[in-house]
Amino acid sequence: MKKLFKDRESLRSGVLVALLFPLVYFGMNLLGWSNGLFSWWETLLFGLVQGIFFWFFMSSFRQFRGEDVTPRSQRK
């Protein structure tokens, strides 16, 4: 888990997603284009959860970006 916290780019992206989701949702609500599915507190909570999931999966997959995953039989 400590290794995941060292990936600062993924951490910044997760925070950005956590902030952008409620901003976009409230902006759409102000424009009248919202479906009214969530209340304000559900939107803030879901934005936080979505940011955490985004950060976790992004930093988890970035650990393996430099590895070669091609099967040995197909390498040339």
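This section reports on the structure supplied with the text. (Residues numbered from 1 in each chain as written. Predicted model: local features only at pLDDT ≥ 70, side-chain atom pairs only at ≥ 80, totals over all residues. Heavy atoms only, no water.)

## Considering the packing of aromatic side chains
One pass over the structure, following the stated rule, counts nine aromatic pairs. Taking 5.5 Å as the distance between ring centres and 70° as the angle between the ring planes, the aromatic pair formed by F56 and F57 counts as edge-to-face. Judged by its relative accessible area of 43%, F57 falls in the partly exposed class. Members of the aromatic cluster, each reached through a chain of ring pairs, are F21, Y25, F26, F38 and F46. (Phe/Tyr/Trp six-rings, centres within 6.5 Å; stacked < 30°, edge-to-face > 60°. Buried < 20%, exposed > 50% of the residue type's maximum accessible area, 1.4 Å probe, protein only.)

## Re helix α2 (residues 8–31)
Note that an α-helix has 3.6 residues per turn; residues three or four places apart therefore point the same way. Between the first and last C-alpha of α2 there are 34 Å, a value that for 24 residues agrees with the 34 Å anticipated at 1.5 Å per step. Within the sequence span of α2, burial applies to S10, G14, A18, P22 and Y25. Contacts from the buried residues of α2 go to α3 (40–62). (Helix = DSSP H or I, 4+ residues; strand = E, 2+ residues; numbered from the N terminus. Expected span 1.5 Å × (residues − 1). Contact = heavy atoms within 4.5 Å.)

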